[in-house]
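# Observations on chain architecture
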Amino acid sequence: MNSFLLIFSLAWRNLWRNKRRTLVILLAIVLGVWAMIVTAAFMRGMIFQMLEDTVDNLAGHVQIHHSQYLDDPVINNSFDPDSHTISRITHDPRVLMWSDRIRLPAVVLSERETTGITMLGVNPARESKISFIGKSVVEGRFLNSSSDTGIVIGQALADKLETRLGKRIVLMSQDINNEIADRGFRIVGIYDAPLDPTEKAFVFVGKETAAKMVGLKGAISEIVLRLHDTDMVTPLVTEMDQLDHTIDVMSWLEVEPYLELMIQMMDTSMFIWYLIVFLAMAFGIINTLLMAVFERTREFGLFQALGQKPRFILFQVWLEAILMIIVGLLAGNFLSWISVMATGDGIDVSVFARGMEMINMSNIIPFVITFNDLMIANITVAVLGMLTGLYPAWRASRLVPADAITRI
Amino acid sequence: MSHRLLQIFSLWLFAGLSCSSQADNAQQLIRQAIDNYRGITSYSEATMTIHRPDWQRVIAMKAWTEGLDKSLVRITAPKKDKDSGSLLLDDNMWSYAPKINRVIKIPSSMSGQSWMGSDFSNNDIARADDIIDNYTHTLLETKNHNGHKLFIIQSVPHEDAPVVWGKEVLQIRDDHVLLEHAFYDQDGILIKKLTTSEIKTISGKTIATTQRMQKADKENEWTEFHSSVIKFNIIIPKNTFTLSNLRNPR
Amino acid sequence: MNHVVQCEKVTKIFEQGLIKVNALTDVDLAIEKAEFICLSGPSGSGKSTLLNMIGGLDTPTSGEVYIDGEEIDELNKSELADLRLHKIGFVFQAYNLIPVLSAQENIEMVMQMQGVSKKERNEKSSAILEEVGLQGMEKRIPPELSGGQQQRVAVARAIVSRPSLVLADEPTANLDSVTANKLIDLMLQMNEIHKTTFIISTHDPMIMQRSKKLVKLHDGRIIDIT
Ligand SMILES: Nc1ncnc2c1ncn2[C@@H]1O[C@H](COP(=O)(O)OP(=O)(O)O)[C@@H](O)[C@H]1O
Ligand SMILES: [Mg+2]
């Protein structure tokens with residue numbers, strides 16, 4: 001204990017002996033830790049935002065389709081929303097809310113343009129709660145009821161079609177007999193989604209109006225569910241998917257498999273990033289400590305002459321490295337915390353918006369610090385840093401006292 | 001909107017509807033024209049000139065029609081397009097390309113695309129919505145034109161009609177020759193206009209033999225139809241309007 | 001055996017590249033408890049090398065060194081460290097002190113490593129500081145002390161835990177004669193009171209005079225013991 005106290009105070013004081021050098025290397029550690037945590041938070045935020053967008057963007061947490069629908073999203077692959085299975089799912093206590101939709105590929109025509117879109121026939125009351133559309137109508141209004149004859153389209157689509165609120169456009173799709181089904185709709189609302197592709201892809205009409213247009217009698221294309229907790233998604237999906245083989249119950253991750261891939265990719269790239277940052281840091285630590293050891297060669301000889309065992313010398317130098325890392329980690333975490341706090345809602349990346357939208361991302365990316373990421377960053381630096389510090393410490397302990405003392 | 005292809009090839013049919021041209025009610029005028037058109041068969045040969053600022057293309061074709069909902073168009077020239085064709089049955093349209101030897105059903109997603117590169121869209125050609133039910137027709141004016149009465153009719157699509165135009169204005173003579181068909185957007189701005197520049201009497205019927213579709217904002221872009229041979233009430237073999245016939249030109 | 005130190009045919013050859021330097025050749029030396037010995041000889045005669053061999057800081061090329069009858073060549077590094085910690089005190093020519101520790105901490109350091117309680121350490125360090133005449137300077141760190149004061153702290157540290165042997169390698173080389181004399185007084189006093197064995201290397205005639213036994217080295221050989 002005595003020896004430890006001595007070693008600790010020696011390590012601590014030695015740490016501040018060459019203040020400038022220590023501060024420089026501390027700065028490297030702090031910035032490294034900061035870079036790790038903030039990058040992780042940014043990437044996590046990006047994933048989080050993508051997940052949120054996906055869930056918000058009509059995908060929900062869980063989706064129910066006809067078993068063939070995803071292969072062929074046509075009108076015939078629809079299902080009865082009043083079946084026993086469906087009501088069992090929608091009444092499950094884990095389900096927070098749900099929305100039923102007629103979802104069909106369609107063509108929208110204006111006087112000047114024609115483009116392919118996805119037509120969503122929705123129950124406005126339910127839909128506006130579950131997806132982004134509820135708070136995204138920026139002009140006009142959302143649909144009033146399932147039999148509303150209006151249409152709500154995205155701002156980008158309106159621009160593309162060279163049309164606007166109050167104008168009529170024509171939707172064209174296929175009816176249950178594979179004949180062309182078409183109808184004129186007046187634009188009653190324009191919505192603004194985080195992403196242009198969303199705005200260009202989806203138009204909202206009343207579910208009853210859509211059903212009448214394509215000749216569907218009660219059947220729908222999909223139900224999306226939002227659960228109380230994302231942790232419940234997998235168990236619920238596993239359980240419900242077995243109920244009825246004509247019905248496909250899937251989680252949003254299955255719907256957007258690239259998201260999962262993306263998450264894995266980010267985890268990997270994050271780890272590589274950690275290693276790169278750490279390597280830079282490790283060079284700093286080793287360099288500084290080796291220099292310190294070299295400068296203090298005589299002192300280590302002296303310690304040995306006074307009877308300090310080599311392993312205590314090793315420990316003394318190592319402790320110095322450990323203290324340096326601990327101080328660096330504390331400051332780095334604090335700095336990260338400050339920068340995350342300072343950015344508030346997130347970073348506005350609209351400068352890069354075009355690129356971001358291409359990879360399906362919003363303009364504002366929040367920082368999301370997870371306990372795991374914090375741990376990984378801190379543990380990486382702590383463990384690898386300590387291992388790094390071991391080398392100079394070992395060098396110090398291996399000095400031959402006579403040589404060390406004669407070298408002045 | 002009436003069946004555009006029929007309109008292109010067969011608006012002369014209005015000429016055959018001699019009887020009630022005196023109708024002063026626009027709705028009735030069109031109804032009578034269409035009613036009288038039912039069951040009539042036709043064969044025609046025509047050229048379609050597609051004009052662009054830096055190029056021009058002429059396509060020669062033959063067409064058979066039966067009533068409002070059946071028509072077959074077969075390209076005869078230029079060589080590279082020879083034997084390709086389009087078949088229209090009700091609202092559906094199929095295209096045949098001999099090079100790939102395949103018949104493709106034109107999906108609704110392609111309905112807005114140009115038909116054979118012209119200023120007509122597939123949609124323009126294929127749509128056979130009920131012109132009576134989808135519009136409110138108003139007789140705006142009655143004029144004189146080369147000794148004929150000329151009816152100027154405004155057709156405004158109904159709220160839920162699958163028509164994108166704000167209004168259409170037709171100029172129809174009492175002998176049912178369509179002189180002009182203008183399409184306006186919902187702000188009342190002219191988008192495109194079909195005009196007749198040649199009227200002939202063939203087999204005792206007065207018909208428009210040259211018509212041009214002109215985009216309002218692009219003076220140098222237009223498509224012109226010129227009919228050289230037209231026969232009515234011919235006997236058309238039963239298998240004419242079938243997919244196998246589309247694929248195997250006679 | 002009642003020899004504190006015993007050297008038998010100690011030879012040290014330094015190899016620097018192709019050149020071999022015979023720093024010590026067949027040195028035989030036996031030192032008894034409470035002796036006060038002066039190692040003298042010109043620079044390069046092997047004084048430091050001999051002290052290092054005795055203190056176990058370096059190992060002889062051949063020959064044996066015994067401390068209290070224990071052959072130090074047989075000891076591993078850790079045992080050697082313990083031997084030094086408990087039996088030997090060192091004073092070097094300069095830079096004896098740990099720069100980040102105060103005078104008092106430098107003195108207590110050895111006791112701390114020995115596991116002496118804080119209270120006892122404090123008592124002993126205060127006493128010794130007074131003995132070496134540095135009361136009031138406990139909290140000063142080495143740069144705040146003069147060369148003589150530093151050396152006194154070093155002597156205090158070397159003797160505070162009552163080692164049986166103190167090895168001092170030219171302890172007065174950097175001091176003026178008055179200060180040097182005081183330091184020798186101090187060491188003689190310690191020798192008298194605590195019966196601590198001292199081996200001091202020097203080429204200062206004044207110290208040679210005052211020592212009780214003089215060992216003369218020349219070119220790594222003992223040429224005279226008086
Ligand atoms: N580490 C070493 N490497 C090589 N030669 C050394 C080393 N240490 C001492 N010597 C040589 O050994 C001889 C004795 O040196 P030293 O014991 O330091 O003499 P002194 O202390 O009497 O001045 C000298 O010639 C010196 O150059
Ligand atoms: Mg020397």
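Quantities reported herein were computed from a predicted structural model and do not represent experimental measurements.

## Some words on the overall build of chain C
Each helix and strand counted, chain C has 7 helices and 10 strands in total. Counting over 226 residues, chain C shows a buried share of 56%. For chain C, the proportion of contacts with a sequence separation of at least 24, taken over those separated by at least 6, is 71%. Accessible surface computed for chain C: about 9,700 Å², of which carbon and sulfur atoms make up 48%.

## As for the overall build of chain B
Within chain B one finds 6 helices and 13 strands. Put simply, chain B has 250 residues, and 54% of those count as buried. For chain B, contacts bridging at least 24 residues in sequence account for 47% of all contacts bridging at least 6. Entry remark: accessible area of chain B is about 10,800 Å², with carbon and sulfur atoms responsible for 48%.

## What to know about the site of ligand 1
Residues and elements named next belong to chain C. The environment of ligand 1 is formed by Phe14, Gln16, Val21, Ala23, Pro42, Ser43, Gly44, Ser45, Gly46, Lys47, Ser48 and Thr49. Within the backbone of Gly46, one N or O atom sits 3.1 Å away from an oxygen atom of ligand 1. Starting from 560 Å² of accessible surface for ligand 1 in isolation, the protein chains cover 70%. Take the shell around ligand 1: its biggest share by element is 3 residues, from helix α1 (residues 47-55). Classifying every residue of the shell around ligand 1 gives 4 nonpolar, 7 polar and 1 charged.

## So, a nonpolar patch on the surface
A surface patch of nonpolar side chains, about 480 Å² in accessible area, is lined by A:Phe371, A:Met375, A:Ile379, A:Val383 and A:Leu387. Positionally, A:Phe371 belongs in helix α14 (residues 371-397).

## Thoughts on the packing of helix α10 (residues 257-295) of chain A against α14(A)
All names here are of chain A. Two numbers describe how α10 lies on α14: the axes approach to 9 Å, and their chain directions differ by 30°. The angle between the axes of α10 and α14 places the two elements in the roughly parallel class. Our pair here, α10 against α14, has a crossing hand that is right-handed. Split into classes, the residues belonging to the contact of α10 with α14 amount to 18 nonpolar, 4 polar and 2 charged.

## Let's talk about the sheet that holds strand β5 (residues 70-71) of chain C
All names here are of chain C. One open sheet accounts for 4 strands, arranged β2-β1-β4-β5; its pairing is antiparallel. Both outer strands of the open sheet, β2 (19-32) and β5, are each paired with one neighbouring strand and no more. Two strands pair when backbone bridges link them, and strand β4 (residues 62-67) and β5 are joined in this way by 2 bridges, in the antiparallel orientation. Considered in β5, the bridge of Tyr66 is made with Glu71.

## Some points on the sheet that holds strand β3 (residues 36-40) of chain C
Residue and element names in this part refer to chain C. On the basis of which strands lie adjacent, the open sheet formed by 6 strands has the order β6-β7-β8-β3-β9-β10 and mixed pairing. Only two strands of the sheet have a single neighbouring strand rather than two, namely β6 (88-91) and β10 (221-225). Adjacent strand axes in the sheet meet at a mean angle of 20°, parallel and antiparallel pairs treated alike. Note: β6 against strand β7 (residues 165-169), 4 bridges, orientation parallel. Paired with Ile88 across the two strands is Leu165, which belongs to β7. Where helix α6 (residues 177-194) meets the sheet, its contacts fall on β3 and β8 (197-202), and the angle it forms with β8 comes to roughly 155°.

## Overview of the nonpolar core
In this structure, A:Met119 and A:Leu171 are the most contacted members of the largest nonpolar core, which totals 132 residues. Looking at this core, the element that brings in the most residues is helix α2 (residues 19-59) of chain A, giving 13 residues. Not counting residues up to four positions away in its chain, the partners in contact with A:Met119 are A:Ile102, A:Arg103, A:Leu104, A:Ala106, A:Leu171, A:Val203, A:Val205, A:Ala210, A:Met213 and A:Val214. Counting residues in each nonpolar core, the second largest holds 36 residues, with C:Leu145, C:Ile159, C:Leu186 and C:Ile207 among its members.

## Side note on α6(C)
All names here are of chain C. Its 18 residues place the ends of α6 25 Å apart at the C-alpha level, agreeing with the 26 Å of an ideal helix rising 1.5 Å per residue. Taken as a whole, α6 has its buried residues at Thr179, Ala180, Leu183, Ile184, Leu186, Met187, Leu188, Met190 and Asn191. Buried residues along α6 sit in contact with β3, α4 (118-131), α5 (147-160), β8 and α7 (205-210). Once α6 finishes, Lys195 follows within two positions and takes phi at roughly 60°, a positive value.

## Considering the environment of A:Arg44
All names here are of chain A. Here Arg44 lies in helix α2. Separated by 325 residues in the primary sequence, Arg44 and Ile369 place their C-alpha atoms 7.2 Å from one another. The residues touching Arg44, leaving out its near neighbours within four places in the chain, are Ile263, Asp267, Met270, Val368, Thr370 and Asp373.

## What about the interface of chain B and chain A?
On the chain A side, the residues contacting the 24 residues of chain B number 21 residues. Carbon and sulfur atoms supply 44% of the area that chain B and chain A bury against each other, a total of about 1,900 Å² over both sides. Notably, a salt bridge pairs B:Glu159 with A:Arg186, separated by 3.0 Å at the nearest N-O pair. Linking chain B to chain A there are 13 residue pairs in polar contact (both at pLDDT 80 or more).

## As for the interface of chain A and chain C
As a measure of interface size, the accessible area lost when the parts come together is often cited. Taken together, the 26 residues of chain A in the interface contact 29 residues of chain C. When chain A packs against chain C, close to 2,400 Å² is buried across both sides, 63% of that on carbon and sulfur atoms. On the chain A side of the contact with chain C, A:Asn2, A:Arg13 and A:Leu306 bury the most area, a combined 25% of that side's loss. If you look at where chain A meets chain C, you find 2 salt bridges. With a closest N to O distance of 3.2 Å, A:Lys309 and C:Asp82 form a salt bridge. In this assembly, chain A and chain C are joined by 5 residue pairs in polar contact (both at pLDDT 80 or more).

## Focus: the pattern of salt bridges
All names here are of chain A. Inspection of the entire model under this criterion finds 32 salt bridges over all chains. Between Arg21 and Glu295 there is a salt bridge, with its nearest N and O atoms 3.1 Å apart. Separated by 274 residues along the polypeptide, Arg21 in helix α2 and Glu295 in helix α10 bring together distant segments of the chain. Residue Arg21 is classed as buried on the basis of its relative accessible area of 16%. Using a relative accessible area of 52% as the deciding quantity, one classes Glu295 as exposed. Through salt bridges with shared partners, one network takes in Arg88, Asp92, Arg94 and Glu239.

## Concerning the packing of aromatic side chains
The geometry of an aromatic ring pair comes down to the distance between the two centres and the angle between the two planes. Inspection of every chain in the model, using the stated rule, returns 15 aromatic pairs over all chains. Aromatic pair A:Phe142 and A:Phe204: ring centres 5.9 Å apart, planes at 70°, arrangement edge-to-face. Placement of A:Phe142 in the loop between β4 (137-140) and β5 (150-154) and of A:Phe204 in strand β8 (residues 202-206) is noted, with a sequence separation of 62 residues between them. Of the two residues, A:Phe142 and A:Phe204, both sit in the buried class. Joined through ring pairs, the aromatic side chains of A:Phe4, A:Phe8, A:Phe315 and A:Trp318 make up one cluster. Over the aromatic face of B:Tyr184 sits the side chain of B:Lys167, whose NZ or CZ is 4.8 Å from the ring centroid. Geometry around B:Trp222 places B:Arg212 over its ring, the cationic atom sitting 3.6 Å from the centre.

Quick notes on the rules
- All residue numbers refer to position in the chain's written sequence, counted from 1.
- Here every chain gets a letter starting at A, and every ligand a number starting at 1, in the order they are written.
- pLDDT decides what is reported in this predicted model: residues at 70 or higher carry local features, side-chain atom pairs at 80 or more are listed and counted, and totals for whole chains, interfaces and linings draw on all residues regardless.
- In computing side-chain properties, one takes all heavy atoms of the structure into account and sets aside hydrogens as well as water.
- Helix and strand definitions follow DSSP, with helices as H or I runs of at least four residues and strands as E runs of at least two, each counted in order from the N terminus.
- Throughout, exposure labels follow a simple rule: accessible area from a 1.4 Å probe, protein chains only, divided by the maximum for the residue type, with under 20% read as buried, over 50% as exposed, and the rest as partly exposed.
- Residues count as neighbours in contact if any of their non-hydrogen atoms are within 4.5 Å of one another.
- Accessible surface area values rest on a Shrake-Rupley calculation with a 1.4 Å probe, where residue burial reflects the displayed protein chains alone.
- It suffices for a single heavy atom of a residue to lie within 4 Å of a molecule or strand for the residue to be listed as near it.
- Any pair of N or O atoms that falls within 3.5 Å is considered a polar contact. Within protein, one atom must be able to donate a hydrogen and the other to accept it, and sequence-neighbouring residues count only if both atoms are side-chain atoms.
- Three classes are used, and their members are as follows: Ala, Val, Leu, Ile, Met, Phe, Trp, Tyr, Cys and Pro are nonpolar, Asp, Glu, Lys and Arg are charged, and the others, Gly among them, are polar.
- Patch criteria: residues need more than 30% relative accessible area and no salt bridge. Like-charged residues are merged within 9 Å; nonpolar side chains of Val, Leu, Ile, Met, Phe, Trp and Tyr are merged within 5 Å.
- What counts as a salt bridge is simple: a side-chain nitrogen of Lys or Arg found within 4 Å of a carboxyl oxygen of Asp or Glu.
- Note on method: axes are straight lines fitted to C-alpha atoms, helices fitted across the in-contact stretch only, with angles between N-to-C directions ranging 0 to 180 degrees.
- Any angle that is under 35 degrees is reported as roughly parallel, and any over 145 degrees as roughly antiparallel; angles of 65 to 115 degrees are reported as roughly perpendicular and all others as oblique.
- Crossing chirality is assigned from the near helix's rotation relative to the far helix, an anticlockwise turn below a right angle marking it left-handed and a clockwise turn marking it right-handed.
- A pair of strands is considered paired only if DSSP assigns at least 2 bridges between the two.
- Here, the term nonpolar core denotes a set of buried Ala, Val, Leu, Ile, Met, Phe, Trp, Tyr and Cys residues that are joined through side-chain atoms within 4.5 Å.
- Here a helix's expected span is defined as the number of its residues, less one, multiplied by 1.5 Å.
- A simple way to read buried area is as the amount of 1.4 Å-probe accessible surface that goes missing from two parts once joined, with both sides added.
- Each Phe, Tyr or Trp ring (for Trp, its six-membered ring) is paired with any other whose centre lies within 6.5 Å, and the angle between the two planes then decides the class: stacked below 30 degrees, edge-to-face above 60, tilted in between.
- Ring-over charges, as used throughout, are those where CZ of Arg or NZ of Lys falls within 6 Å of the ring centre and within 35 degrees of the ring normal.

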